[in-house]
Amino acid sequence: MSPIAYKLWSVRCSLVAFQKMAFSAQQPSTALTKLKETLSGEVVCPGDEGYDYGIARWSDNCVKQAGYVVFPKNNEDVVQAVKFARGQSLELAIYGGGHSYSGSSSTQGGVVIHLGKYINYARCDPEKCLLYVGGGATWEIVEKVGMEHGLATVAGNVNHTGVGGLALGGGYGWLTGRHGMTVDNTVQFTVVLASGEVVTANEAENPDLFWGCRGGGSNFGVVTEFVFKAHPQRPTVFVTLLIYAIDKLESLLNTIEDWYGPDEGLHWGCMRVFPGMEPGKLTLIVMYFYNGDAVEGRKAAKKLYDIGPIAEKAMEDLPFVKLNTLNNEMAAHGGRKYVKGLKTRFRSVVPGPGGIVQFHPGVVYLGVWVGFLAQAGVVGVSFGGAGFGWGGTGTEGIIFQFYTDPALDDSVQSQVRAWAQTVSEKTPVAFKAGKGSESYGVGYANFDPDAAASDPARVFGPNYNRLREVKRKYDPENVWNRWYPIEPTEGV
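The model shown is predicted, which means the values in this text are computed figures rather than measured ones.

Peer 1: Go over the pattern of salt bridges, please, and point to the residues and values.
Peer 2: Scanning the entire structure with this criterion turns up 12 salt bridges. Lysine 473 is the salt-bridge partner of aspartate 208, the closest N and O atoms lying 3.0 Å from each other. Taken together, the positions of aspartate 208 in helix H7 (residues 207–213) and lysine 473 in helix H15 (residues 464–474) put the pair 265 residues apart, joining distant regions of the chain. Note that glutamate 296 and lysine 299 form a salt bridge whose closest N and O atoms lie 3.8 Å from each other. You can see glutamate 296 and its partner lysine 299 sitting in helix H9 (residues 294–300), three residues apart, about one turn around the helix. Owing to a relative accessible area of 58%, lysine 299 belongs among the exposed residues under this scheme.

Written out as structure tokens, the structure reads:
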């Protein structure tokens, strides 16, 4: 091609590109006007009132500049938001509580369907022992509504966590030892599909979708309502916070290794930064839960007391609705957070010669935190029983750093990843992800900050092929792809 011909070709390409840009810039304006006219809720764009609220997330490093945020009030609003986004070839993200470590509820330039503003209700049917919960609710309202009738379901450990993300990704809580995981206690979903169809999924209707949503996350659509089993729950519980010198760690691990009843639970952590303690000094902290009165709780925890804590803060008659507020301050909204989940028996996270991640004065919280629950409850969902991809060992571990300065992003992530890799190499999982490959250290899915880019085959294990089939049926174009994106199987 001659220089003149090349120049003419370049000009023509630039003109075509300009015309396409001008056309695409006009289209959203018309489509947006139509969307606003059809919504009973609202849609906001950058600069509009409510936009900053719409893109705010629990962790500041998960905030992205969405092109549009839709605040639906009902299923039809969600349908219209999906149609708008797909008509403009825009990425879709679903906001339930915005508590994800991975930022899967955010999108750069796409459309956020924000359920938290309006679809955030909970109501209880005490006769049927069921809780009906909006897709944008947090566990706080679920617990309050349930306990008005002396009922509770399996929530997480922080009550401002969104119901949707936790429930779709598995769900552990203090009641897991007695009642299993959250996915064990979910009996129905209302789902808006990428096609715009609104469907019900339970054991009788769309049972394959029901199977997939219990652990498969947001891969299949927008869940606008959950229905959970509710169980009788006493109004008060016993909780104590125990502090130990770090040299008691081995004694603690020996004590809890073969212990735990269905009404007990324990979290322990090795912390280098914790309020009220000397920064940089490694401290051992234990939070013990007993679903009963203080007298029985202290008897059940005798082995912990025998180890010799140096301090205790006991809550002898803690209202059950306050239980999941105890970690709220540590897990408050704002700041930057980086966390890696660990599938491990707890001995693998014992600090080695170099200790856990190094102390930095700009870090607010830093350490390893492990939850330990009665294993019988955790394995309520086995491989094949639901889409959830981990049979469970009774532990859920994380290594974490909470901080405020974006300049620390790289160093924080590299430290956390390095320690997680060290632990993972000590804890091979029980299955292979594919022919000739082996998977290591696949932790609890809701604790992965890299969920959007992680290999779903490593997460879901033996369930992955069936999840791909469910994906093909309900989301063949892979519209929902912000959390361990499951690749649909080929075919019709």
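Peer 1: Describe the environment of tryptophan 58, naming the residues involved and giving the relevant values.
Peer 2: Within the secondary structure layout, tryptophan 58 lies in the loop between helix H2 (51–55) and strand S2 (68–71). Among the residues examined, tryptophan 58 registers a relative accessible area of 1% and is labelled buried. At 3.4 Å, the side chain of tryptophan 58 and the backbone oxygen of alanine 332 are in polar contact.

Peer 1: I'd like to hear about the sheet that holds strand S10 (residues 222–229), residue by residue, with values.
Peer 2: Pairing between sheet strands relies on hydrogen bonds along the backbone, with the strands arranged either parallel or antiparallel. In spatial order, the strands read S5-S6-S10-S8-S9; together these five strands make up an open sheet with antiparallel pairing. One side of each edge strand has no neighbouring strand; the edge strands of this open sheet are strand S5 (122–125) and strand S9 (198–201). Direction aside, the axes of adjacent strands within the sheet are offset by 15 degrees on average. Sheet topology places S5 next to strand S6 (residues 130–134); four bridges connect them, and they run antiparallel.

Peer 1: Run through the sheet that holds strand S4 (residues 111–114), naming residues and quoting values.
Peer 2: In space, the four strands of this open sheet follow the order S1-S2-S4-S3, with mixed pairing throughout. The sheet is open, and its two borders are formed by strand S1 (42–44) and strand S3 (92–95), each paired with just one other strand. In this sheet, adjacent strand axes meet at a mean angle of 20 degrees when their direction is disregarded. Here S1 pairs with S2 via three bridges, running antiparallel.

Peer 1: For the environment of asparagine 120, give the residues involved together with the corresponding values.
Peer 2: When you line up the elements, asparagine 120 lands in the loop between S4 and S5. On the basis of relative accessible area, asparagine 120 is assigned to the partly exposed category, the value being 31%. Separated by 105 residues in sequence, asparagine 120 and glutamate 225 have C-alpha atoms that sit 9.3 Å apart. Setting aside chain neighbours within four positions, we find asparagine 120 in contact with Leu115, Gly136, Ala137 and Ile141.

Peer 1: With reference to specific residues and values, describe the environment of tyrosine 338.
Peer 2: Secondary-structure assignment places tyrosine 338 in strand S16 (residues 336–342). The exposure class assigned to tyrosine 338 is buried, which follows from its relative accessible area of 3%. In the structure, tyrosine 338 is positioned 62 residues away from phenylalanine 400 in sequence and 5.7 Å away in space, judged by C-alpha atoms. Excluding residues within four positions of it along the chain, tyrosine 338 makes contact with Ile399, Phe400, Gln401, Tyr403, Val412, Gln413, Val416, Arg417, Pro449 and Asp450.

Peer 1: Describe the side chain of serine 59, with residues and values.
Peer 2: When you line up the elements, serine 59 lands in the loop between H2 and S2. Since its relative accessible area comes to 1%, serine 59 is described here as buried. Non-local contacts of serine 59, meaning those with residues more than four positions away in its chain, are made with Gly335, Arg336 and Lys337.

Peer 1: Explain the nonpolar core to me, using residue names and the numbers behind them.
Peer 2: Counting 61 residues, the largest nonpolar core has Val163, Phe189, Leu209 and Phe400 as its most contacted members. Beyond its immediate stretch of four places on either side in the chain, phenylalanine 189 contacts Leu168, Val199, Thr200, Ala201, Phe210, Cys213, Arg214, Val223, Glu225 and Phe226. Of all hydrophobic cores here, the second largest spans 34 residues; its members include Ile256, Leu266, Cys270 and Tyr403.

Peer 1: Mind laying out unusual backbone geometry, listing which residues take part and the relevant values?
Peer 2: Most peptide bonds take the trans form, and the phi angle of most residues other than glycine is negative. One non-glycine residue, cysteine 129, lies in the positive phi region at around 55 degrees. Locating cysteine 129 in the fold gives a position in the loop between S5 and S6. Phi is positive for asparagine 206, which is not a glycine, with a value near 45 degrees. Examined against the element boundaries, asparagine 206 turns out to sit in the loop between S9 and H7. Under the relative-accessibility criterion, asparagine 206 is labelled partly exposed at 26%.

Peer 1: Tell me about the packing of aromatic side chains, and please be specific about residues and values.
Peer 2: Evaluated as defined, the whole model comprises 15 aromatic pairs. Plain terms: the ring middles of tyrosine 53 and phenylalanine 71 are 5.7 Å apart, the flat faces sit at 25 degrees to each other, and that makes the pair stacked. Placement of the pair is tyrosine 53 in helix H2 and phenylalanine 71 in strand S2, with a sequence separation of 18 residues. On the basis of relative accessibility, which here comes to 1%, the residue phenylalanine 71 falls in the buried class. Taken together, the ring pairs connect Trp58, Tyr101, Tyr365, Phe400 and Phe402 into an aromatic cluster. A cation sits over an aromatic face here: lysine 117 above phenylalanine 71, 4.8 Å from the ring centre. The lysine or arginine in question, arginine 123, covers the ring of tyrosine 132, its NZ or CZ lying 4.2 Å from the ring centre.

Peer 1: Let's hear about the side chain of histidine 114: which residues, and what values?
Peer 2: With respect to the secondary-structure elements, histidine 114 resides in strand S4. In terms of polar contacts, histidine 114 uses its side chain to reach the backbone amide nitrogen of glycine 116, at 3.2 Å. Those residues in contact with histidine 114 that lie beyond four places of it in its chain are Tyr53, Gly54, Val69, Val70, Phe71, Pro72 and Tyr95.

What counts, and where the lines are drawn
Residues numbered from 1 in each chain as written. Predicted model: local features only at pLDDT ≥ 70, side-chain atom pairs only at ≥ 80, totals over all residues. Heavy atoms only, no water. Salt bridge = Lys/Arg side-chain N within 4 Å of Asp/Glu carboxyl O. Helix = DSSP H or I, 4+ residues; strand = E, 2+ residues; numbered from the N terminus. Buried < 20%, exposed > 50% of the residue type's maximum accessible area, 1.4 Å probe, protein only. Polar contact = N/O pair within 3.5 Å; in protein donor to acceptor, adjacent residues only side chain to side chain. Pairing = 2+ DSSP bridges. Axes fitted to C-alpha atoms, helices over the stretch in contact; angles between N-to-C directions. Contact = heavy atoms within 4.5 Å. Core = buried A, V, L, I, M, F, W, Y, C linked by side-chain atoms within 4.5 Å. Phe/Tyr/Trp six-rings, centres within 6.5 Å; stacked < 30°, edge-to-face > 60°. Lys NZ or Arg CZ within 6 Å of the ring centre and 35° of its normal.

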